[in-house]
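Structural description and commentary
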Amino acid sequence: MNFHKDNAQVTNITLNIRDLSKMKDFYINILGMKLIEESESGFVAGFEGGTHTFTFEVLENGRVAAQSEAGLFHIAILLPTRSDLGRFIKYMFGRQIPLSGGNHLVSEATYLVDPEGNGIEVYVDRDPDTWSWSNGQVVMDTLALDFDGIIESSRNTEWSGMPEGTIIGHLHLKGGVMIDPEFYGNYGFEIATKVMSAYFLGSNKYHHHIAVNNWHSNKARIDAMNTYGLKSFNISVPDATSETVETPEGIKMVVN
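Analysis parameters
Residues numbered from 1 in each chain as written. Predicted model: local features only at pLDDT ≥ 70, side-chain atom pairs only at ≥ 80, totals over all residues. Heavy atoms only, no water. Helix = DSSP H or I, 4+ residues; strand = E, 2+ residues; numbered from the N terminus. Rg over C-alpha atoms; globule rule 2.2 N^0.38 Å. Buried < 20%, exposed > 50% of the residue type's maximum accessible area, 1.4 Å probe, protein only. Contact = heavy atoms within 4.5 Å. Areas by Shrake-Rupley, 256 points an atom, 1.4 Å probe, with all protein chains shown as cover. Lys, Arg positive; Asp, Glu negative; His and termini not counted. Charge placed at Lys NZ, Arg CZ, Asp CG, Glu CD. Expected span 1.5 Å × (residues − 1). Pairing = 2+ DSSP bridges. Axes fitted to C-alpha atoms, helices over the stretch in contact; angles between N-to-C directions. Salt bridge = Lys/Arg side-chain N within 4 Å of Asp/Glu carboxyl O.

1. Focus: the overall build of the protein chain
In terms of regular secondary structure, the protein chain is built from four helices and 17 strands. In terms of overall size, the protein chain behaves like a compact globule, its C-alpha atoms giving a radius of gyration of 17 Å where 256 residues would be expected to give roughly 18 Å. If one aligns the C-alpha atoms of the protein chain with their principal axes, the spans along those axes are about 50 × 45 × 35 Å. Looking at the protein chain as a whole, 54% of its 256 residues are labelled buried. A sequence separation of at least 24 residues applies to 67% of the contacts in the protein chain between residues at least 6 apart. Total accessible area on the protein chain stands at roughly 11,700 Å², and carbon and sulfur atoms take up 47% of it. Within the protein chain, the 32 negative side-chain charges are centred at a point lying 4 Å from the centre of the 19 positive side-chain charges.

2. Quick notes on helix 2 (residues 82–94)
When the terminal C-alpha atoms of helix 2 are compared, their 18 Å separation across 13 residues agrees well with the 18 Å that a helix rising 1.5 Å per residue should span. Among the residues of helix 2, those classed as buried are Ser 83, Asp 84, Leu 85, Gly 86, Arg 87, Phe 88, Ile 89 and Met 92. Against helix 1 (20–30), strand 7 (107–113), strand 8 (119–125) and helix 3 (147–153) lie the buried residues of helix 2. Backbone geometry just after helix 2 places Gln 96 at a positive phi near 60 degrees.

3. Here's the deal with the sheet that holds strand 1 (residues 9–17)
Remark on secondary structure: sheet strands pair via backbone hydrogen bonds, oriented parallel or antiparallel. Taken together, seven strands build an open sheet; the order of strands is 2-3-4-1-15-17-16 and the sheet is mixed. Each edge of the open sheet is held by one strand with a lone partner, namely strand 2 (34–39) and strand 16 (243–246). The mean angle between the axes of side-by-side strands here comes to 20 degrees, regardless of whether they run parallel or antiparallel. Relative to strand 17 (residues 252–255), strand 16 is paired through four bridges, and the arrangement is antiparallel. Bridge assignment links Glu 243 to a residue of strand 17, and that residue is Val 255. Along the sheet face, helix 1 touches strand 1, strand 2, strand 3 (42–46) and strand 4 (53–58) and points at about 10 degrees away from the line of strand 3.

4. Description of the pattern of salt bridges
Inspection of every chain in the model, using the stated rule, returns ten salt bridges. Between Glu 38 and Lys 24 there is a salt bridge whose closest N-O contact spans 2.5 Å. In this pair, Glu 38 sits in strand 2 while Lys 24 sits in helix 1, placing the two residues 14 residues apart along the sequence. Take Glu 38: its relative accessible area is 47%, and that puts it in the partly exposed class. Two residues, Arg 221 and Glu 69, come together in a salt bridge whose shortest N-O distance is 3.4 Å.

Structure representation (structure tokens):
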């Protein structure tokens, strides 16, 4: 089942950055994303054969958000196959880039940070037919990731960049004091599950296209447009009216 076609989804994520050269090198040359366009003030990256994008805009003399502010928890890149994730893990290990990981029952995920501290998840979904549901909510957990088994699935093939079919899987946000899942429900993202104080919101029974937690934050983002990190994001919602709104986290959300 394709959970990112003809239903509500995140299509672009915009980050305010400090160092254009360093961030471009990381996302294009190390992660292996496709360079779509660039200028002296930023660049846009995406994936072969896809329409999802990341926009990076250089911000001069920007502010640094307090740890207690809402904002980005991590961006999440969904690879097509488990063997793709195996190749990615081998490549990261070879470059001595630290990775952590988790088996979330619905997915297998690795985690890292970019040169400016933005969180990144690179993951694959498990077969949706194997997902368990209880009282209308999908069952998720964080268990040890089988790094060896995933690497073995790559069968000695090597990473050559983000493969065709890679997309933005989801966007995980840091929230404020109160998380408002109904706000996102207005755009087609229903509660798939709730884990502690984190809401996982998905369209068409996906485990989540958007997640919001307040594990380390307790207030909205202050002046996101002039703060390093997450500036805005775009969502596509079938039959929706185009609009730009501010989320409860203080982030600009563009509805296309």
